[in-house]
Amino acid sequence: MAVRLIAPLARRLLRLIAVLGVVALAAFGLMQASPIDPVDAYLGPQAAQVSPEQRALIAERWGADQPAAQQFLHWLGNMLRGELGWSRVYNAPVSEVIGSRFLASLPLLASAWLGAMLIGFALGVVAGTREGGWVDRWICRYAYTLASTPTFWLAILGLLLFSVTLGWTPVCCAGPAGVTRAELSLATRLHHLLLPALTLALLGVAQITLHTRARMLELMRSDVALHALAQGASRREVAWRHGARHACLPALTLAFASLGELFGGSMLVEQVFSYPGLGRATVEAGLRSDVPLLLAIALFTALFVSVGNALADGLYRLVDPRLGEVRP
Amino acid sequence: MLEIDRLALDFLRYRGLWRRAAIPCLHDVSLTLARGELHAVVGASGAGKSLMAQALIGLLPGNARLRGSLRLDGELLDATRQAALRGKHLALIPQSLAALDPLVRSHHQVTWAARRAGVNAPRAAAERALTDVGLVGDSARRYPHQLSGGMARRVLLAMATAGEAEWLIADEPSVGLDPAHRAGVLEQLRRLADAGKGVLLITHDLRHALSVADRVTVFHAGTTLETAPATAFQGRGEALSSDYARALWRALPDNDFARPAVHEVPQLA
């Protein structure tokens, strides 16, 4: 029994380590290929006042003058000892930067994710129940439009409409200028969170809606639905009692598989709304060649998405009893 | 009394972009079913027997066009009345085991069926129906994929009987079962008929239908050829009026095992 439980876990863990290794290597390779010189990016406008000797000194201090392979191995060795390095952009330990930034992003990510899942699922079930009706047609049109909308464009539109024209929501940031985070009230925080979270949520909705609808259509045409109707059930009862149960399988998979996209979307949304979260930190780290921070964020994101997928697998087994007995 | 009178059924389908063509599936289907009667409808696969069952409960696809009339106790059985009676008075035992929801435990599905039929104490009714078909304890609590084919058939039977409907349409309820289970299912249908329900047994298996049925209607290519008492199927089938029914009877292994020549049975030509 113990072996049967441990073997799949160990396999999963090995796979996770391999994925993380590849992600780290790829991210490091991309940074090496990046045209941005870390020393230039660090110095910024002061670069003109720095002599080539001082510049070489900085590079030597950072180890940027060593061959790439040696830099990577050095970083890897430190990482395995739990030392993530020092962020040059924020002038703080990487682990601290990621911790605080992730905490700032978490409400945004979580509310957007939950919102996308719940709205998308409900729309999908409703559309799938009334195939071909006007509700279904409008939900589909809406989903297709949404699916083909770029994140940043939607964010800018929302900003123009709700913040600039209507003035309902703040224009930027996680709170008013000049106020530290500890002083913010919950209402202010939510007020600043509203528009970014909604924008991010809307993007996930389309996919979940369309996939849920497809599964619902399949079920509503199946023998299960016909049998339930023959027992005297209404279409609505069939949809929510049988359909929702079946449709939550693809919805769950999608919701967890789209965690990566959620991160990607959050970068764009945080950039447009100047929201000080992990997404913005990623952009900063990339633009200013902050290798330790960027590598750590890449690893953290990969870990987050992998854990999400593992969770989806586990939940899948809970919903569908047929999967519980099949060994992976 | 449930009466089907000259029922005809077409499916409308698009031929090309604009032209709609009617594909005839049933024509001239007539039979009657009384309370307390087990009436077998026997015919080959694809003859339209299951479509007739769907027409009876009013769950045909949207592109079906129905003619002829259905009556229940003398009153016209139209779509509104069918919707009101479905589950409560008219119950269907579906042919496919895929009719069980794979994500729901069996006894829950039976309870849902009882609740949909408007039973006062659905849980108790479900328990009773499951006990009647011999499913008790753990086996009643399994998921459909954990049931054998015979158990799944009995769950479907329990779902149809949990609601105490007076009219039962059983679509191939014994297909794929071993002889012992098949006999069990057929005997249960017989008991339901003896208890005063009207049972329509749709099957392609004439021999086993005869062991329990009061009357048999022979179905061929969308038409009911003849209705005869079960006792008419004996000897060389002299009491039967249609050639097809006689050929069907004589083709059974216990009889002549006769393969009829085409000229003998005009309906086959």
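Reading guide: rules and limits
- Residues numbered from 1 in each chain as written.
- Chains lettered and ligands numbered in written order.
- Predicted model: local features only at pLDDT ≥ 70, side-chain atom pairs only at ≥ 80, totals over all residues.
- Heavy atoms only, no water.
- Helix = DSSP H or I, 4+ residues; strand = E, 2+ residues; numbered from the N terminus.
- Buried < 20%, exposed > 50% of the residue type's maximum accessible area, 1.4 Å probe, protein only.
- Contact = heavy atoms within 4.5 Å.
- Areas by Shrake-Rupley, 256 points an atom, 1.4 Å probe, with all protein chains shown as cover.
- Lys, Arg positive; Asp, Glu negative; His and termini not counted.
- Charge placed at Lys NZ, Arg CZ, Asp CG, Glu CD.
- Polar contact = N/O pair within 3.5 Å; in protein donor to acceptor, adjacent residues only side chain to side chain.
- Buried area = accessible area lost by both parts, 1.4 Å probe.
- Salt bridge = Lys/Arg side-chain N within 4 Å of Asp/Glu carboxyl O.
- Domains from an automatic or database assignment.
- Phe/Tyr/Trp six-rings, centres within 6.5 Å; stacked < 30°, edge-to-face > 60°.
- Lys NZ or Arg CZ within 6 Å of the ring centre and 35° of its normal.
- Expected span 1.5 Å × (residues − 1).

## With respect to the overall build of chain B
Assigned secondary structure in chain B consists of 8 helices and 10 strands. Across its three principal directions, the C-alpha atoms of chain B cover 55 × 50 × 40 Å. A burial count over chain B gives 51% of its 269 residues as buried. A fraction of 65% describes how many contacts in chain B between residues 6 or more apart in sequence connect residues 24 or more apart. Of the roughly 12000 Å² of accessible surface on chain B, a fraction of 52% belongs to carbon and sulfur atoms. Between the centroid of the 32 positive side chains of chain B and the centroid of its 27 negative side chains there is a distance of 7 Å.

## Points about the side chain of H220(B)
Residue and element names in this part refer to chain B. For H220, the location among the structural elements is in strand β9 (residues 215-220). Overall, H220 belongs to the buried group, its relative accessible area being 18%. At 3.3 Å, the side chain of H220 and the side chain of Y244 are in polar contact.

## Brief notes about the interface of chain A and chain B
With 20 residues of chain A at the interface, the matching set in chain B holds 26 residues. Both sides together, the interface formed by chain A and chain B hides about 2100 Å², and carbon and sulfur atoms give 60% of it. In terms of surface lost to chain B, no three residues of chain A exceed H227(A), A230(A) and Q231(A), which account for 28% of the buried area on that side. Here chain A is connected to chain B by 1 salt bridge. Here E237(A) ties to R116(B) by a salt bridge, and the two come within 2.9 Å at their closest N and O atoms. Where chain A meets chain B, there are 8 residue pairs in polar contact (both at pLDDT 80 or more). Secondary-structure elements contributing two or more residues to the side of chain A that touches chain B are α9 (223-230), α10 (235-257) and α14 (321-324) of chain A. If you tally residues by element for the side of chain A that touches chain B, the top one is α9(A), at 7 residues.

## Regarding the domain arrangement of chain A
All names here are of chain A. Each assigned domain of chain A is listed here: domain 1 (2-92) and domain 2 (101-324). The gap between the C-alpha centroids of domain 1 and domain 2 is 31 Å. Listed per partner, the contact involves 20 residues of domain 1 and 23 residues of domain 2. Area buried by domain 1 at its contact with domain 2 is led by M31, V89 and Y90, which between them contribute 30% of it. On inspection of domain 1 and its partner domain 2, the count reaches 1 salt bridge.

## With respect to the packing of aromatic side chains
Residues and elements named next belong to chain A. Counted by the stated rule, this structure contains 7 aromatic pairs over all chains. On the basis of an interplanar angle of 50° and a centroid distance of 5.1 Å, the ring pair of F28 and F72 is categorised as tilted. Of this pair, F28 sits in helix α1 (residues 2-33) while F72 is found in helix α4 (residues 68-80), placing the two residues 44 residues apart along the sequence. F72 gets classed as buried once you look at its relative accessible area, which sits at 10%. Between F102 and F300, the aromatic rings sit 4.9 Å apart at their centres with planes inclined by 75°, giving edge-to-face as the arrangement. With F102 in helix α5 (residues 94-129) and F300 in helix α13 (residues 291-319), this residue pair connects regions lying 198 residues apart in the sequence. Take F102: its relative accessible area is 15%, and that puts it in the buried class. The ring of W138 is capped by R141, whose NZ or CZ atom sits 4.7 Å from the centre of that ring.

## Topic: helix α5 (residues 149-161) of chain B
Helix length check: α5(B), at 13 residues, gives a terminal C-alpha distance of 19 Å against a target of 18 Å (1.5 Å per residue), a fit within 8%. Within α5(B), 12 of the 13 residues are buried, which leaves the element mostly enclosed by the surrounding structure. Of the residues making up α5(B), those classed as buried are G150(B), M151(B), A152(B), R153(B), R154(B), V155(B), L156(B), L157(B), A158(B), M159(B), A160(B) and T161(B). Buried positions along α5(B) lie against α9 of chain A together with β6 (90-93), α3 (106-116), α4 (122-132), β7 (167-171) and α6 (179-194) of chain B.

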